[in-house]
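Notes for the structure review
Here is how the chains run, residue by residue.
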Amino acid sequence: MKFAVLKFPGSNCDRDMYNAAIKSGVEADYVDYRETSLEGFDGVLIPGGFSFGDYLRSGAVASVAPIINEVKRLAAEGKPVLGVCNGFQILTEIGLLPGALLHNDSHLFVSRNERLTITNAQTPFTNLYDEGEEVIYPVAHGEGHYYCTEEIYNDLVRNNQIILKYNENPNGSYEDIAGIVSKEGNVCGMMPHPERALEMILGTDSGVKLFESMVKSWREQHA
């Protein structure tokens with residue numbers, strides 16, 4: 001298995017994503033936003049940061065980058081796509097995930113470890129966790145308030161698309177939502193950073209199982 005780790009001007013978690021992929025036992029390469037092909041890749045990791053400075057709206061400029069058409073193609077083919085923080089914002093901007101990310105209710109940048117609960121352990125991103133398992137992931141965002149309409153929320157619940165919730169909501173996200181997947185289950189977006197939760201020396205290794213889950217799921221499909 002080989003992951004593409006996208007790089008935009010302003011990305012700052014691309015190395016963390018790369019290291020997470022390698023730690024899970026697969027290959028990874030960085031891919032510049034100006035590239036137009038993801039041939040040879042089995043999945044996409046979209047890192048956090050401040051793509052294009054977030055000057056227009058978080059993820060808005062990145063959403064029209066040349067590489068995005070290929071991200072959509074891989075998603076349509078059922079390949080795993082993970083967007084974290086700014087990556088989550090990009091996935092909502094390009095329509096692969098519903099909803100939007102707004103400014104934190106506090107209007108402050110929040111950076112700390114957060115306790116969260118796995119609410120769906122039956123996805124390619126969570127299958128090594130237990131349902132209801134508590135995890136600790138760092139958060140680092142100013143626009144992390146997940147917003148959706150009541151209709152979209154009802155769809156998310158009906159399709160079991162909510163995979164991660166905050167125990168103590170740091171940003172005002174609707175119904176404490178921290179992470180969701182697409183209806184098909186192969187596209188995932190979350191604001192907390194599992195790629196920064198790989199070593200106990202950093203305070204938590206809760207993120208290891210997320211990347212190992214992705215690899216396990218892919219290998220089972222390609223056995």
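What comes next is a walk through the structure.

The rules behind these values
Residues numbered from 1 in each chain as written. Predicted model: local features only at pLDDT ≥ 70, side-chain atom pairs only at ≥ 80, totals over all residues. Heavy atoms only, no water. Disulfide = S-S within 2.5 Å. Salt bridge = Lys/Arg side-chain N within 4 Å of Asp/Glu carboxyl O. Helix = DSSP H or I, 4+ residues; strand = E, 2+ residues; numbered from the N terminus. Buried < 20%, exposed > 50% of the residue type's maximum accessible area, 1.4 Å probe, protein only. Pairing = 2+ DSSP bridges. Axes fitted to C-alpha atoms, helices over the stretch in contact; angles between N-to-C directions. Contact = heavy atoms within 4.5 Å.

In this section: the state of the cysteines. The full count for this structure, using the stated rule, is zero disulfides. This cysteine, C13, is not joined by any disulfide, and C85 carries the nearest cysteine sulfur, 6.7 Å off.

So, about the pattern of salt bridges. Within the structure shown, the criterion is met by 14 salt bridges. Linking K216 and E220 is a salt bridge whose minimum nitrogen-to-oxygen distance equals 2.9 Å. Of this pair, K216 and E220 both sit in helix α5 (residues 208–221), separated by four residues, roughly a single helical turn. Overall, E220 belongs to the exposed group, its relative accessible area being 53%.

Let us look at the sheet that holds strand β7 (residues 134–141). The nine strands lie next to each other as β2-β1-β3-β4-β11-β10-β9-β6-β7, forming an open sheet whose pairing is mixed. Each edge of the sheet is formed by a strand with only one pairing partner; in this case those strands are β2 (27–32) and β7. Between one strand and the next, the sheet's axes are offset by a mean angle of 20°, whatever the strand orientation. With three bridges connecting them, strand β10 (residues 177–181) and strand β11 (residues 187–190) associate as antiparallel partners. When the bridges of β11 are listed, G179 appears paired with M190. Contacts from helix α1 (residues 14–23) reach β1 (2–7), β2, β3 (43–46) and β4 (81–84), with the element oriented near 155° to β2. Sitting on the sheet, helix α2 (residues 68–76) is in contact with β1, β3, β4 and β11, with an inclination near 130° to β3.

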